[in-house]
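Chain by chain, the residues:
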Amino acid sequence: MKRILTGIQPSGSITLGNYIGAIKQMVNMQNDYETYIFIADMHAITVPQDPKELPNNIKNLLAIYLASGIDYKKNTIFLQSDNIYHANISWMLECLTPYGELSRMTQFKDKSKKNANFSAGLLTYPILMASDILIYDVDYVPTGQDQKQHVELTRDIAIRINKKYNEDVFKVPEPLITKGGAKIMDLQDPTKKMSKSSENQKGVIYLLDTEDTIRKKIGSAVTDSVGKVKYDIENQPGISNLITIYSVLTNKSIEEVEKEFENSNYGIFKKSVADVVVEELSKIQEKYNELVNSNKLEEILKNGKEKTTEIAKNKYEKLKSIIGLHI
Ligand code: ATP
Ligand code: MG
C-alpha cells in the first residue's frame, strides 16, 4: 500500500481553505493508502502563539479531523511535538541544506514581512517539514498548492542526501495537489490565499463559523463589475474563487458550474454557494460538538506517539550512522 503524510498547523481556527486543500483529500484517500496525519504544532510556533490558546487549537484541530470523517482506526494520527525525532532529524537536514534554498521560499517571504522580528524557525520551517515527510518514507504528500514549493524542496533534500552518501536513505516523495489545484482565496482579497493567520476575519470562512456568519461573509465577498458567473482568475478573481468552492463541494466541474449559473446574478450565485458551504459545515460541526470533549482524543495521540516514535527512531539511528555521529 502506498504511504501518505499530511498535517495542519494549530495556528488558529481551521478554515475552509484547510478543509478543501487538505482535510477533504485525507478523507478521500484514507481507504486506499497507509496514512500519517499530524498536528503540526512545532510549525505553528514559527510565528508567535499564545500558550493559553495553543492547547485549545490543538484539541480543536484533532476534533475537526475526526468530525470531518478521518477515521482514527484507519489513520495514524499524532502530535508533532510528541515525537522528539522530528526536530532532531530536522537539525541534521538543516546542516545538509544550503541557506540560499530557504530564503527564496514564498511562505518565508510572505510571513517574514508581517513581523520584522521574525524567528529563525520561520526560515528553517521547510526543513522541519522535510523531516516530517522523509522520516516515514512516504510516496505522496497531499497538500494545497501553497505548500507545493516546500514538498519540492523536500525532494531536493532527499535526492541530495541519497547521492551524497550513495545510499537510499530516503524515499523521494511527490506532492499530491487537490483536484483542480484548488487554492481557496480570501473572500475580501481574492488575490491572497485564505489563511488561518489572516488578520481580516471577514475574508476567511472558519469551519466552526455559525450559519449566519458564513452567509454574511459569502454575501459580502468581493466580486467585480463584469456581472457574469465566469471562471476568469485574471479579471474576476472573486467570482472564480466562489466557483472553485462551489465546484469542489458539489463535485461539479467548473464548466458545469458556469452553465448552472449562466443566467444568474451574483446575489443568486452567492446564495447557492452559501447553501452548499452551510450544508457541508453544519454536518461537521454537529460531530465536532460530540467529539471535542471526549477522552478519546488523548488516547488517539498516545497511540500515534508510540507508533511514530518507533519509526522515527530507526530513521534517526540510520542518519546518525551514515553521517558519522557515533564511535
Ligand atoms: P497559516 O496561516 O498559519 O500558515 P494556513 O491556513 O496556511 O495557516 P497551514 O496549516 O499552513 O494552514 O496548512 C495546512 C494545509 O492546508 C496545507 O496542506 C495547505 O496546503 C492547506 N491550505 C492552507 N490554506 C489553503 C488554501 N487557501 N487553499 C487550499 N489549501 C490550503
Ligand atoms: Mg500556511
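Treat the numbers as computed from the prediction; the structure is a model and nothing was measured.

Novice: Hey, could you run me through the packing of helix 7 (residues 120-135) against helix 8 (residues 148-164) in this one?
Specialist: Between two packed helices, the angle of one axis relative to the other and the distance separating the axes together describe the packing. As a packed pair, helix 7 and helix 8 sit with axes 9 Å apart at the nearest point and diverge in direction by 70 degrees. On the basis of the axis angle, helix 7 is roughly perpendicular to helix 8. Seen along the crossing, helix 7 lies across helix 8 with a hand that is right-handed. Contacts between helix 7 and helix 8 involve Y125, P126, I127, M129, A130, I133 and L134 on the former and, on the latter, H150, V151, L153, T154, I157 and A158. Its residues placed into classes, the contact of helix 7 with helix 8 shows 11 nonpolar, 2 polar and no charged.

Novice: For this particular structure, what's the right way to read the pairing of strand 5 (residues 174-177)?
Specialist: The two faces of a sheet get side chains in turn, since along a regular strand they alternate between them. Bridging between strand 4 (residues 140-143) and strand 5 involves 4 bridges; their strand directions are parallel. Bridge pairing links T143 to I177 in strand 5. Crossover strand 4 to strand 5 through helix 8 is right-handed.

Novice: Mind showing me how you'd approach helix 13 (residues 296-323) here?
Specialist: Residues that lie three or four places apart on an α-helix share one face, since the helix turns once every 3.6 residues. With 28 residues, helix 13 should reach 40 Å at 1.5 Å per residue; the first-to-last C-alpha distance of 40 Å fits that figure. Those residues of helix 13 that sit buried are L297, I300, L301, G304, T308, A312, K315, Y316, L319 and I322. G324, located one to two residues past helix 13, shows a positive phi value of around 105 degrees.

Novice: Where do I start with the site of ligand 1 in this structure?
Specialist: Near ligand 1 there are 21 residues, and of these S11, K111, K193, K196 and S197 occur at the shortest range. In the environment of ligand 1, an oxygen atom lies 3.1 Å from a nitrogen or oxygen atom belonging to the side chain of T143. Isolated, ligand 1 exposes 590 Å² of accessible area, and the fraction of that covered by the protein chains is 97%. A molecule is said to occupy a pocket when more than half its atoms come within 2 Å of that pocket's grid points, and by this definition ligand 1 occupies the largest pocket. At the level of elements, strand 1 (3-8) and helix 1 (16-29) are the ones that each hand at least two residues to the shell around ligand 1. Here the shell around ligand 1 gets 4 residues from one element, more than from any other, and that element is helix 1. Here the shell around ligand 1 is built from residues that sort into 5 nonpolar, 11 polar and 5 charged.

Novice: I would appreciate a short explanation of the layout of surface pockets in the present structure.
Specialist: If you roll a probe as big as a water molecule over the atoms, it shows you where there is empty space left. As a volume, the largest pocket reaches approximately 1,000 Å³. Mapped by element, the contributors of at least two residues to the lining of the largest pocket are strand 1, helix 1, helix 6 (106-114), helix 7 and strand 4. At 5 residues, helix 6 tops the list of elements feeding residues into the lining of the largest pocket. Of the residues in the lining of the largest pocket, the class split is 15 nonpolar, 19 polar and 10 charged.

Novice: What should I look at first to understand the packing of aromatic side chains in this one?
Specialist: Pairs of aromatic rings are described using the distance from one ring centre to the other and the angle between the two planes. This structure, assessed with the given rule, holds 9 aromatic pairs. Their ring planes at 50 degrees and their centres at 5.8 Å tell us that F78 and Y136 sit as a pair that is tilted. Here F78 is found in strand 3 (residues 75-79), whereas its partner Y136 is found in the loop between helix 7 and strand 4, with 58 residues between them in sequence. Aromatic pair Y85 and Y316: ring centres 5.2 Å apart, planes at 50 degrees, arrangement tilted. Separated by 231 residues along the polypeptide, Y85 in helix 4 (residues 85-94) and Y316 in helix 13 bring together distant segments of the chain. Members of the aromatic cluster, each reached through a chain of ring pairs, are Y36, F38, F78 and Y136.

Novice: Would you take a moment to explain the environment of D110 for this structure?
Specialist: Summarising the element assignment, D110 is placed in helix 6. In this structure D110 comes out as partly exposed when scored by relative accessible area, which is 42%. Between the alpha carbons of D110 and S198 there is a distance of 12 Å; along the sequence they are 88 residues apart.

Rules used throughout
Residues numbered from 1 in each chain as written. Chains lettered and ligands numbered in written order. Predicted model: local features only at pLDDT ≥ 70, side-chain atom pairs only at ≥ 80, totals over all residues. Heavy atoms only, no water. Axes fitted to C-alpha atoms, helices over the stretch in contact; angles between N-to-C directions. Helix = DSSP H or I, 4+ residues; strand = E, 2+ residues; numbered from the N terminus. Parallel < 35°, antiparallel > 145°, perpendicular 65-115°, else oblique. Left-handed = near helix turned anticlockwise from the far one by under 90°. Contact = heavy atoms within 4.5 Å. Nonpolar A, V, L, I, M, F, W, Y, C, P; charged D, E, K, R; others polar. Pairing = 2+ DSSP bridges. Right-handed = clockwise from strand over helix to strand, strands pointing away. Expected span 1.5 Å × (residues − 1). Buried < 20%, exposed > 50% of the residue type's maximum accessible area, 1.4 Å probe, protein only. Near = heavy atom within 4 Å. Polar contact = N/O pair within 3.5 Å; in protein donor to acceptor, adjacent residues only side chain to side chain. Areas by Shrake-Rupley, 256 points an atom, 1.4 Å probe, with all protein chains shown as cover. 1 Å grid on protein atoms, 1.4 Å probe; cavity = no way out; pocket = protein on both sides within 12 Å on 5 of 7 lines; lining within 4 Å. Sits in = over half its atoms within 2 Å of the grid points. Points joined across faces, edges and corners; volume = space filled by probe spheres on them. Phe/Tyr/Trp six-rings, centres within 6.5 Å; stacked < 30°, edge-to-face > 60°.

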